[in-house]
Structure formats: C-alpha cells, structure tokens
Amino acid sequence: AFTGNQRYIALFRNLQEQSLQKGIRLDIGYGSYAYDIPNKDETALILEQLNDNTSGKNTYDAKLIAGHSMGALVATEVSMPSTYDALVCLCSSFQFSDPARSLASYPKPVLTLCGDRDGFMRHHLLSNDMISLESELGRRSSDSTGDNGSRQREQNEMDITKPIIVLKDVNHMQAADDIVAEAILNTLRHDFQSGLMLEEAHEKMAQAISSFILITVLRVRPTLLQKRGKEYELYLESCQKQLQQTRLTREALRSFRDLSNESFISDFAKDVQRSIVNLKDNLAITTNFHDGKEDFLYSKPTVSQTLSVEEERPSEGTISTIVQIHIIAQAPIKLHPDLPATAAQLSPTHAIKAKGQGFFQSLTKGGEPMSLCEINQQTFDKVLEEYVTKEQRTRYEEKGRKLEFGPDLIVSNPPTWVDTPLEINHNGNNTTCVRSPVSLTSVGDEIPPKFRGMFYAKPMAPSQMYEWIAYDAFRKIPSS
C-alpha cells in the first residue's frame, strides 16, 4: 500500500489496528529511497519487490497505493495500472502535478487527506480540487434531467469516491514522526505547531484512511456485503463518517472560496471605486477582467451617461452615470525574498484601474476620498470579523504576526505601477506592514483628456488577508 521509510511505521501500526476493528486485515508494504526523495523509478522497483514478495501467498480483495507529500505525486502516476484499486494522497494535492491533474477525471477512487496546520502545503489549495469535482457534477447535472434527490445522490457518490478531508489541528509531518529534517529547515521551510500529540494525530489520520479502505474494498468486491451483515453495518457507518468529514471540509474552505470568487472580487473592486471618489448612489459600475498584461496596460476606465425615462413621466428623465473599471490578477504575495516559492500565497494581487475623485466633482458627496491604507484596514477588519472562525481569530490575536497597513505607495508612472507589487515590510515587533501602490493623474489641461482623472490601485485582496490571518501569520520570517 504505502511507500515510505521507517519514520512512518507508527502510523502504519495505527492504521492496521483501525482497519482490523473494521474487519480488514491490512498488509502494508513500504520501501526506502536512496536519498529520501520519492521518484517514479525507485517506486516502481519497490512495488515490484513488494508484489514479488506477496505473489502466491495471499489473495487480496483490494490493493491501494498511498503517498505522503512528494510521495503522493509519484503515487498518482504509479497507481494508474489496473493492479491497484484506489489512491491515498496524504498532505498533497493534484494541483502540485505539472501540469495540474484533474481529480474529477482521475480513473480511480482517491482520498485526499491533510491537516489545517500543515506548514508545507496550504490546505486552501484543495479548493481547486473541489472546483474540479464540482465542475464535473455540474456537467453531469446538465446532461441529465434528474431532480434534487438524484443530484444529492451524485454529490454523495463523489464524496464517497473522491473525498477531500482536512483534519483539524494536524500538521504535515505528523503523517510520519513529526520531525522536520535539518536539510529541510535549512531551506527556511517549517511545519506549523499542532495542538495534538503525535499518537492523536495518527489516530485521526488512521480513522479516515481505514474508513476509505473499507469503502473501497466493499465497492470493489460487493459480494462481501452480502456474506456478512456486520460488514454492511460497518460500511454504512464508514460512509456516513466520510460524508460528514467531506462536508465539514467543504464548510471550512467556504470563506476562502467565497473571497476568491470572481463575482466577489468584482464587487470588491466596485467598492474600491466608490470609496476612492465618494460617489453618489446613482452611479453604476461595471468591471472588465483582463487576462494579459498588455491588454490591461492599454485599457482605460471610461465614464458614460444614460437617460432613463419613466412612462408615467416622460418629461422627467433620470441621468445615470456608468463607470467601467478594469481588473487584472497578478502574482500572489511573496512573503520574503529568502523564503522558497512554495511559501508564497495562493491568492493573486488584483490591480484595479479606476477613476479618481477629481473626475467626479459634480457627483461626489464631498469630503476626502479614502486612501488605500484606509480601504485595506477597513477590509481587514471585515474579514477578521465576518469570514474567519472564532478559533482562527483567537489564534491570530494570541499567537499570530500582526498585519498593519502603511501609507499609500505613490508611483508616478502608471506603466511602472503595473509592475510594482505590494510592499511587504516585516518589523521586529512581530508585525508586518503592507503598503499598496497607487498611481494618479490630474484633471488639468496638462494631461491629455483620455488620461485625466485616473486612479490606479492595488489594494490587498480580501482573500490575501484571509490567508494571512488563517495561515501566514504563523510563518517564521527570516531576519533581514
């Protein structure tokens, strides 16, 4: 089943015990890599040896391949032959494959299992695997005429065959011995502190894996369900437990997914435009997302007016102003130049081309427009209050590196602004200060008409703030 080394034996023993309680005798074969780096060739040799050792000795009802971290990437390749019935990915994601694989189209059952204290893999990355599964469900629904009941059954079937489970308080290396090798620490990567003892973490992981194994075995060999009634009860119990865990995981990732949704980003950009110029309510804003830098670079926010006439009062029309703003997703925040690329955030920075207050003097409520510093702080307070859990908020307030927002970073040249990232400064008092790049043009005659009154902004995105509160605040930052 597994390929690994002796650091995993404690988990293996726990898994065998958990499986035995479910009526499964689980044999686990494992091997060691020459340099502790999983690779396809060595894994193939290990599997060949394991298959030779078991040939003719035992007839198995099912065979599974599992891998941890980098080993899970290898496992997705070697488990493809029909010899194996399912795959277990520990602390990994199909998104790490290059190019990324589709979990939905993978031809075997897959358990994706990780912890929310994993310091090496952001569990929020699993949102993309969820999107893959949901897109497949949507395709199936569009191809069928089933009712809500049949769609729920399809959802349950997906959660049984492709469960994604994030375990609370479990970190990356608790799948092994909870020790990070010195060579890894020298790369400035580290795990996050777990609130569980190693044995407790092993038990939680083993419970989830053993349930998946039982479900897989009895689906591969359905005749076994008819032979022993107790196994059927255990099967139903395991299915119910797995469905519950997948739903809890879906709920745990909901806030991050909501904040990352294009519709939410569009609404956020509109709010930024309104805050910048203090606009009246009768102003409509449309957003235009760009895929390429050049396309975005030459785009310009535009303003137009429309006349709405009511049938009852044709002589009393209402003039509405429509603003079109432009948005492009850029590179995520890199926390520190010395940290590896894997430590960067998932959420992109969004550059927004909007109109400045000077262009709307006749429409504004009056008063100074909000700075990006103020917008960032207002957005952060909302994310902290409305989108993170009480537990996440408490952990951040008690143990996390605090996020602060500095004065806007004025960039005089708009093309330079496009390439200017958020400025990240880590301070010695366990705080990090973020400054947002801004570029403005005046409304004076010295500026060509089509370039007047622009306000180009890069606020910190709400999803980036969520990642900070829930994850990055606990990252060790190298000393400058």
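In this report, the structure presented in the accompanying data block is examined. Worth saying up front: this structure is predicted, and the values here are computed from it rather than measured.

### Here we look at the packing of helix H5 (residues 148-161) against helix H9 (residues 229-252)
So, step 1. Between H5 and H9, whose axes approach to 9 Å, the crossing angle comes to 95°. Comparing the axis directions of H5 and H9 gives the class roughly perpendicular. Packed against H5, whose contacting residues are Gln152, Gln155, Asn156, Asp159 and Ile160, the element H9 presents Cys239, Gln242, Leu243, Thr246, Arg247 and Arg250 at the interface.
So, step 2. Residues that form the contact of H5 with H9 fall into these classes: three nonpolar, five polar and three charged.

### Some words on the packing of aromatic side chains
So, step 1. Following the criterion strictly, the structure yields ten aromatic pairs and no others.
So, step 2. Centroid distance Tyr8 to Phe12: 6.3 Å. Interplanar angle 20°. Geometry classified as stacked.
So, step 3. Assessed through its relative accessible area of 4%, Phe12 is described here as buried.
So, step 4. Taken together, the ring pairs in this structure connect Tyr8, Phe12 and Tyr30 into an aromatic cluster.
So, step 5. Directly above the aromatic system of Tyr396 lies the positively charged group of Lys402, at a separation of 5.3 Å from the ring centroid.

### Notes on the nonpolar core
The nonpolar side chains of soluble globular proteins are, as a tendency, buried together.
So, step 1. Core analysis: the largest hydrophobic core is formed by 42 residues, its most contacted members being Val88, Leu113, Met205, Ile209 and Ile213.
So, step 2. Counting only elements with at least two residues in this core, the list comes to helix H1 (9-21), strand E1 (64-68), strand E2 (86-90), strand E3 (110-115), strand E4 (164-167), helix H7 (198-220), helix H8 (223-227) and H9.
So, step 3. A total of eleven residues in this core trace back to one element, the largest contributor, which is H7.
So, step 4. Beyond its immediate chain neighbours, meaning those up to four positions away, Met205 contacts Leu11, Leu90, Leu113, Leu167, Val170, Gln174 and Ala175.
So, step 5. Core analysis: the next-biggest nonpolar cluster, separate from the first, contains 27 residues, Tyr396, Leu403, Trp468 and Tyr471 among them.

### Remarks on the packing of H5 against H7
So, step 1. Closest axis-to-axis distance for the H5/H7 pair is 10 Å, and the angle between their directions is 110°. Looking at the two axes, H5 sits roughly perpendicular to H7. Counting all contacts with H5, which are made through Glu157, Ile160 and Thr161, the residues of H7 involved are Phe212, Ile215 and Arg219.
So, step 2. Looking at the contact of H5 with H7, its residues break down into three nonpolar, one polar and two charged.

### Quick notes on the sheet that holds strand E12 (residues 431-435)
Paired through their backbone hydrogen bonds, the strands of a sheet run either parallel or antiparallel.
So, step 1. Strands sit in the order E9-E12-E11 across an open sheet of three strands; the sheet is mixed. Two strands bound the open sheet, and with one partner strand each, they are strand E9 (402-405) and strand E11 (423-427). When the angles between neighbouring strand axes are averaged without regard to direction, this sheet yields 25°.
So, step 2. Direction of pairing for E11 relative to E12: antiparallel, over a ladder of five bridges. Paired with Glu423 across the two strands is Arg435, which belongs to E12.

### Side note on the pattern of salt bridges
A side chain of one charge can pair with a side chain of the opposite charge if their charged atoms are brought near each other.
So, step 1. One pass over the full model with this rule turns up 17 salt bridges.
So, step 2. The closest approach of N and O atoms between Arg395 and Glu391, which form a salt bridge, is 3.6 Å. Here Glu391 and Arg395 lie together in helix H14 (residues 390-399), a separation of four residues that amounts to about one turn.
So, step 3. On the basis of relative accessibility, which here comes to 18%, the residue Arg395 falls in the buried class.
So, step 4. Members of the salt-bridge network, linked through shared partners, are Lys168, Asp169, Glu391 and Arg395.

### Focus on empty space enclosed by the protein
So, step 1. Overall, the coordinates contain three cavities of 30 Å³ or more when judged by the stated rule.
So, step 2. Empty space within the largest cavity amounts to approximately 90 Å³.
So, step 3. Among the elements that take part in the lining of the largest cavity, helix H4 (residues 126-143) stands out by supplying four residues, more than any other.
So, step 4. Among the residues forming the lining of the largest cavity, the class breakdown is six nonpolar, two polar and four charged.

### Some remarks on the side chain of Thr216
So, step 1. Within the fold, Thr216 resides in helix H7.
So, step 2. For Thr216, the residues in contact, after removing those within four places along its chain, are Asp85 and Ala86.

### Notes on the side chain of Asp85
So, step 1. Among the secondary structure elements, Asp85 is positioned in the loop between helix H3 (70-78) and E2.
So, step 2. Salt bridges are absent for the buried Asp85, whose nearest opposite-charge side chain, Arg221, sits at 5.1 Å.
So, step 3. If we skip the residues at most four places from it in the chain, Asp85 touches Asp61, Ala62, Lys63, Lys108, Pro109, Thr216 and Val220.

### Comments concerning the environment of Arg140
So, step 1. Within the element layout of this structure, Arg140 appears in helix H4.
So, step 2. Relative accessible area serves as the criterion here: at 30%, Arg140 is assigned to the partly exposed category.
So, step 3. When the C-alpha atoms of Arg140 and Met460 are compared, they prove to be 37 Å apart, with 320 residues separating the residues in sequence.
So, step 4. Aside from chain neighbours lying at most four places away, what touches Arg140 is Glu154 and Met158.

### Description of a nonpolar patch on the surface
So, step 1. On the surface, a cluster of nonpolar side chains totalling about 380 Å² of accessible area is made up of Tyr35, Ile37 and Met70.
So, step 2. Of note, Ile37 is situated in the loop between H1 and helix H2 (40-54).
So, step 3. Residue classification places Ile37 among the partly exposed residues on the basis of a relative accessible area of 47%.

### Considerations on a negative patch on the surface
So, step 1. A cluster of acidic side chains, namely Glu262, Asp291, Glu294 and Asp295, defines a negative patch on the protein surface.
So, step 2. For Glu262, a relative accessible area of 51% gives the class exposed.

### With respect to the sheet that holds E4
So, step 1. The four strands lie next to each other as E1-E2-E3-E4, forming an open sheet whose pairing is parallel. Looking at the sheet topology across the chains shown, the edges are occupied by E1 and E4. Across the sheet, the axes of successive neighbouring strands diverge by a mean angle of 15°, strand direction being ignored.
So, step 2. As paired strands, E1 and E2 are joined by five bridges and run parallel to one another. Paired with Ala66 across the strands is Val88, a residue of E2.

The rules we used
- Residues numbered from 1 in each chain as written.
- Predicted model: local features only at pLDDT ≥ 70, side-chain atom pairs only at ≥ 80, totals over all residues.
- Heavy atoms only, no water.
- Axes fitted to C-alpha atoms, helices over the stretch in contact; angles between N-to-C directions.
- Helix = DSSP H or I, 4+ residues; strand = E, 2+ residues; numbered from the N terminus.
- Parallel < 35°, antiparallel > 145°, perpendicular 65-115°, else oblique.
- Contact = heavy atoms within 4.5 Å.
- Nonpolar A, V, L, I, M, F, W, Y, C, P; charged D, E, K, R; others polar.
- Phe/Tyr/Trp six-rings, centres within 6.5 Å; stacked < 30°, edge-to-face > 60°.
- Buried < 20%, exposed > 50% of the residue type's maximum accessible area, 1.4 Å probe, protein only.
- Lys NZ or Arg CZ within 6 Å of the ring centre and 35° of its normal.
- Core = buried A, V, L, I, M, F, W, Y, C linked by side-chain atoms within 4.5 Å.
- Pairing = 2+ DSSP bridges.
- Salt bridge = Lys/Arg side-chain N within 4 Å of Asp/Glu carboxyl O.
- 1 Å grid on protein atoms, 1.4 Å probe; cavity = no way out; pocket = protein on both sides within 12 Å on 5 of 7 lines; lining within 4 Å.
- Points joined across faces, edges and corners; volume = space filled by probe spheres on them.
- Lys, Arg positive; Asp, Glu negative; His and termini not counted.
- Patch = residues over 30% accessible without salt bridge, like charges linked within 9 Å, V, L, I, M, F, W, Y side chains within 5 Å.
- Areas by Shrake-Rupley, 256 points an atom, 1.4 Å probe, with all protein chains shown as cover.
- Charge placed at Lys NZ, Arg CZ, Asp CG, Glu CD.

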